[in-house]
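# Results of the structural survey
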Amino acid sequence: MRLGIHRGPGFSDRWIEWCEAQGVAWKPVDCYRSDIVAQLADCDGLMWHWHQTNPKDVLFARQLTAALEAGGKAVFPDVATSWHFDDKVAQKYLFEAIGAPSPPTQVFYDLASALRWIGEAEFPQVFKLRRGAGSVNVQLVRTRGEARRLAQQAFGRGFAVVNRLAEIRDNARKARRTGDLQPLLKAARSAARLVRPNTFERQDGRERGYLYLQAFAPDNDHDTRVVVVGDRAWALRRRVRPNDFRASGSGDALYDPDGIDRRMLRIALDVRAKLGAQCLSFDFVRGADGAPLIVEISYGFPIGAFLDNCPGHWDGALTFHADQENRPQHFMAADLVARIRAQRA
Ligand SMILES: Nc1ncnc2c1ncn2[C@@H]1O[C@H](COP(=O)(O)OP(=O)(O)O)[C@@H](O)[C@H]1O
Ligand SMILES: [Mg+2]
């Protein structure tokens, strides 16, 4: 029994920590080398925290995963966990197909159909690009005219894969609000990238050829993030930015377990199980009637302060366990090893 682990930013240090503590053999592998399949010859599985803004990862991580699974290896994240990652268009179809509660969402692939729908739709709507995090590619569309302009752009010159102007504005506001230096530095870096785009922007080009609009769920002063690994759930609430509807990236979190809507925990646990995914992070808002609605799922999420401040997690029966020793990343490794052992037996 041995795991191959690609070391890098994100989850991998915790996976290694778990392997060392449990006496599970592991070796470092390099997914960027052409011989990755050969490197894994003496391993039962691969763990790689690949990232949606690393152009190399986006280029081949999903395909490598599918190939390794075809060859009988266990992978984290596996295909069921990752095929819809950082793709809100994929998630629209997924939520509809499995009947997961989500705001009604439209996607159009030509201008005429988009304009026809916009002509009759109710506003506001929420415009999103399929990719993006921290709310940078999410905006409120208040009027038909605004929606038409976005449609023209979607089927014309398209959108930068990262909205740097929005990022600068957001971080400048955050700096003013909190007095912190960190957001100012981020704003400066975004400004530099306006002049000199990074590899991600250069390689991944522009988002175009589709228009995504989602019904707006009004009056949410926070969203709820639920992270599920197997049948365990961690949760926190994130307050929206002042005079804004968007929570993701606000950096303003509430960790009180009693403040978490248990319906959201149930839905997240059930959707994870239905998809057969190893791990999913959910962003929930409430509809006008107060019912939970999923706006996004992701297998990857920031490590560190955020989720680590949760005082514990819920199990599949929604019993809370106060436990800060075992982090979600430890369970990712534990579940993969358990799966390999079960397959062997
Ligand atoms: N349909 C919606 N109605 C109301 N608020 C929404 C809606 N969709 C997203 N939001 C808010 O915007 C934030 C960002 O949206 P999300 O789809 O999670 O994109 P990102 O990938 O940037 O996190 C969410 O955290 C939520 O607060
Ligand atoms: Mg989100």
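Residues numbered from 1 in each chain as written. Chains lettered and ligands numbered in written order. Predicted model: local features only at pLDDT ≥ 70, side-chain atom pairs only at ≥ 80, totals over all residues. Heavy atoms only, no water.

### Focus: the overall build of the protein chain
Scanning the protein chain from terminus to terminus reveals 13 helices and 17 strands. For 345 residues, the compact-globule formula gives about 20 Å, and the C-alpha radius of gyration of the protein chain, at 21 Å, lands near that figure. Expressed as lengths along the three principal axes of its C-alpha atoms, the size of the protein chain is roughly 60 × 45 × 45 Å. Burial statistics for the protein chain: of 345 residues in total, 51% are counted as buried. Summed over all atoms, the accessible surface of the protein chain reaches about 15900 Å², with 51% contributed by carbon and sulfur. (Helix = DSSP H or I, 4+ residues; strand = E, 2+ residues; numbered from the N terminus. Rg over C-alpha atoms; globule rule 2.2 N^0.38 Å. Buried < 20%, exposed > 50% of the residue type's maximum accessible area, 1.4 Å probe, protein only. Areas by Shrake-Rupley, 256 points an atom, 1.4 Å probe, with all protein chains shown as cover.)

### What to know about the domain arrangement of the protein chain
By domain assignment, the protein chain separates into domain 1 (2-78 + 334-344), domain 2 (102-215) and domain 3 (222-326). In this structure, domain 1 and domain 2 have C-alpha centres spaced 33 Å apart. The partner domain 2 presents six residues to the five residues of domain 1 that form the contact. Note on domain 1 versus domain 2: buried area summed over both sides is about 410 Å², and carbon and sulfur give 63% of it. For domain 1, the biggest contributors to the area lost against domain 2 are Gln52, Thr53 and Pro55; these three give 79% of the whole. In this assembly, domain 1 and domain 2 are joined by zero salt bridges. Where domain 1 packs against domain 2, one counts one residue pair in polar contact (both at pLDDT 80 or more). Considered class by class, the residues forming the side of domain 1 that touches domain 2 number three nonpolar, two polar and no charged. (Domains from an automatic or database assignment. Contact = heavy atoms within 4.5 Å. Buried area = accessible area lost by both parts, 1.4 Å probe. Salt bridge = Lys/Arg side-chain N within 4 Å of Asp/Glu carboxyl O. Polar contact = N/O pair within 3.5 Å; in protein donor to acceptor, adjacent residues only side chain to side chain. Nonpolar A, V, L, I, M, F, W, Y, C, P; charged D, E, K, R; others polar.)

### A look at the nonpolar core
Counting residues in each nonpolar core, the largest one holds 41 residues, and the members touching the most others are Leu3, Ile5, Trp15, Leu46, Met47, Phe76 and Met332. The element contributing the most residues to this core is helix α13 (residues 328-344), with six residues. Structurally, this core is a two-domain feature, drawing no fewer than three residues from each of domain 1 (2-78 + 334-344) and domain 3 (222-326). Excluding residues within four positions of it along the chain, Leu3 makes contact with Cys19, Ala25, Trp26, Lys27, Cys43, Gly45, Met47, Leu336, Val337 and Ile340. By size, the runner-up hydrophobic cluster in this structure holds 24 residues, among which are Ile98, Leu265, Ala277 and Trp314. (Core = buried A, V, L, I, M, F, W, Y, C linked by side-chain atoms within 4.5 Å.)

### Notes on the coordination of the magnesium ion (ligand 2)
Within the protein, the magnesium ion (ligand 2) binds to Asp283 (OD) and Glu296 (OE); these donor distances fall in the range 2.0 to 2.1 Å. Remark: Glu296 occurs in strand β15 (residues 292-298) and Asp283 occurs in strand β14 (residues 279-286); sequence separation between them is 13 residues. You can call Asp283 buried: its relative accessible area is 3%. The class for Glu296 is buried, based on a relative accessible area of 10%. (Donors = N, O, S within 2.8 Å, 3.2 Å for Na, K, Ca; no water.)

### Points about the site of ligand 1
Near ligand 1 there are 22 residues, and of these Lys88, Lys128, Ser135, Asp223 and Ser248 occur at the shortest range. Between ligand 1 and the protein, one listed contact pairs an oxygen atom with a side-chain N or O atom of Lys88 at 2.7 Å. The separation between a nitrogen atom of ligand 1 and a polar side-chain atom of Gln214 is 3.1 Å. Burial of ligand 1 by the protein chains amounts to 99% of its free accessible area of 540 Å². Those elements giving two or more residues to the shell around ligand 1 turn out to be β6 (125-128), β10 (211-215) and β15. When grouped by side-chain class, the residues that make up the shell around ligand 1 number 10 nonpolar, five polar and seven charged. (Near = heavy atom within 4 Å.)

### Focus on the pairing of β6
Covered by surrounding structure in β6 are Gln125 and Phe127 together with Val126 and Lys128, the residues of both alternating faces. As defined by bridge partners, β6 adjoins β10 across three bridges and the pair is classed as antiparallel. Counterpart to Gln125 in the pairing with β10 is Ala215. (Pairing = 2+ DSSP bridges.)

### Some details on the sheet that holds strand β5 (residues 105-108)
Strands sit in the order β5-β10-β6-β7 across an open sheet of four strands; the sheet is antiparallel. Where the open sheet ends on each side, the last strands, each with one partner, are β5 and β7 (138-141). Each strand axis lies, on average, 25° off the axis of its neighbour in the sheet, ignoring direction. Two strands pair when backbone bridges link them, and β5 and β10 are joined in this way by four bridges, in the antiparallel orientation. (Axes fitted to C-alpha atoms, helices over the stretch in contact; angles between N-to-C directions.)

### Remarks on the packing of helix α6 (residues 111-120) against helix α7 (residues 144-154)
Running from N to C, α6 and α7 point in directions that differ by 170°, and their axes come no closer than 10 Å. Judged on the interaxial angle alone, α7 and α6 are roughly antiparallel. Along the contact surface, α6 presents Leu111, Ala114, Leu115, Ile118, Gly119 and Glu120, while α7 presents Arg144, Ala147, Arg148, Ala151 and Gln152. (Parallel < 35°, antiparallel > 145°, perpendicular 65-115°, else oblique.)

### Section: the packing of helix α8 (residues 164-178) against helix α9 (residues 182-195)
Contact geometry for α8 and α9: axes closest at 8 Å, N-to-C directions at 160°. One way to sum up the angle between α8 and α9 is to call them roughly antiparallel. Along this stretch, α8 crosses α9, giving a crossing that reads as left-handed. Along its contact with α8, which presents Arg164, Leu165, Glu167, Ile168, Asn171, Ala172, Lys174, Ala175 and Thr178, the element α9 presents Pro183, Leu184, Lys186, Ala187, Ser190, Ala191, Arg193 and Leu194. Per-class residue counts for the contact of α8 with α9 are nine nonpolar, three polar and five charged. (Left-handed = near helix turned anticlockwise from the far one by under 90°.)

### Section: the sheet that holds strand β2 (residues 25-29)
The four strands are arranged β2-β1-β3-β4 in an open sheet whose pairing can be described as parallel. Looking along the sheet, the strands with just one partner apiece sit at the ends: β2 and β4 (74-76). The mean angle between the axes of side-by-side strands here comes to 20°, regardless of whether they run parallel or antiparallel.

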